[in-house]
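Observations on chain architecture
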Amino acid sequence: MIEIHLYSDLRRYGTEEAPNRPSVLHLPSDKVTTLGELLTHTGITPEEISQIFLNYKLLRTSCTMAPWLGYQVARERLPHTGNYLETPVHDGDRIGLFPLKMALLVV
């Protein structure tokens, strides 16, 4: 099972839109093999996302300040192509997705 935690307006893709409750999708790991497939399966487009965390480590960000802020980075799974959408996802992974309007809040 893969846990997908949705924040702010990305919560509309989940089952819980109330801001005071977690919005988490659970996706069987046999349904997808890459982050790109995961996004396609949930209906979320890459253009809607500012930050992606993989198991509490930063996988992708649109913020240029992130490297200077000391975030742990999930480089071990990033494919040689550098395309984050090709990042493999595995059973037990926790994915955090933050929308564009939350870019500065994550920083």
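Residues numbered from 1 in each chain as written. Predicted model: local features only at pLDDT ≥ 70, side-chain atom pairs only at ≥ 80, totals over all residues. Heavy atoms only, no water.

**Quick look at helix H1 (residues 35–42)**
Just so we agree on the cut-off: Each residue's exposure class comes from its accessible area (1.4 Å probe, protein chains only) as a fraction of the maximum for that residue type: buried when under 20%, exposed when over 50%, partly exposed otherwise. For the purposes of this entry, the term helix denotes a DSSP run of H or I that reaches at least four residues, the term strand denotes a run of E that reaches at least two, and both are numbered from the N terminus. By arc we mean the arc of the directions from the helix axis to the C-beta atoms, nothing more. Residues are treated as being in contact if the distance between any of their heavy atoms lies within 4.5 Å.
Inspection of H1 places Leu35, Gly36, Leu38, Leu39 and Thr42 among the buried residues, and these make up the whole buried set. An end-on view of H1 places all buried positions within 160° of arc, on one side of the element. In this structure, the buried residues of H1 make contact with strand E1 (2–6), strand E2 (24–27), strand E3 (49–54), strand E4 (57–61) and strand E5 (94–99). Positive backbone phi, at 90°, marks glycine 43, one or two positions downstream of H1.

**Some remarks on the pairing of E3**
Note the threshold: DSSP calls a pair of strands paired once it identifies at least 2 bridges connecting them.
Counting buried positions over the six residues of E3 gives six, a clear majority of the element. One ladder, built from five bridges, connects E3 with E5; its direction is antiparallel. When the bridges of E5 are listed, leucine 54 appears paired with isoleucine 95. Examined bridge by bridge, E3 and E4 share four bridges and lie antiparallel to one another. Paired with phenylalanine 53 across the strands is leucine 58, a residue of E4.

**Focus: the side chain of aspartate 93**
The condition is simple: Between N or O atoms, a polar contact is any pair within 3.5 Å; within protein, one atom must be a potential hydrogen donor and the other a potential acceptor, and residues adjacent in sequence are included only when both atoms are from side chains.
Secondary-structure assignment places aspartate 93 in the loop between E4 and E5. Only 2.7 Å separates the side chain of aspartate 93 from the backbone nitrogen of histidine 90, close enough to count as a polar contact. Setting aside its immediate chain neighbours within four residues, aspartate 93 contacts Met1, Ile2, Glu3, Leu54, Asn55, Arg77 and Pro88.

**Points about unusual backbone geometry**
With a phi close to 55°, serine 8 is a non-glycine residue in the positive phi region. Among the secondary structure elements, serine 8 is positioned in the loop between E1 and E2. Positive phi is not limited to glycine here, since tyrosine 56 has a value of about 70°. Relative to the elements of secondary structure, tyrosine 56 occurs in the loop between E3 and E4.

**Section: the pattern of salt bridges**
Rules: Each salt bridge in this description consists of a side-chain nitrogen of Lys or Arg and a carboxyl oxygen of Asp or Glu lying within 4 Å of one another.
Tallied over the entire structure, the rule returns three salt bridges. Among the salt bridges present, the one from glutamate 48 reaches arginine 12, with a minimum N-O distance of 2.4 Å. Taken as a pair, glutamate 48 in the loop between H1 and E3 and arginine 12 in the loop between E1 and E2 lie far apart in primary sequence, 36 residues in all. Since its relative accessible area comes to 18%, glutamate 48 is described here as buried.

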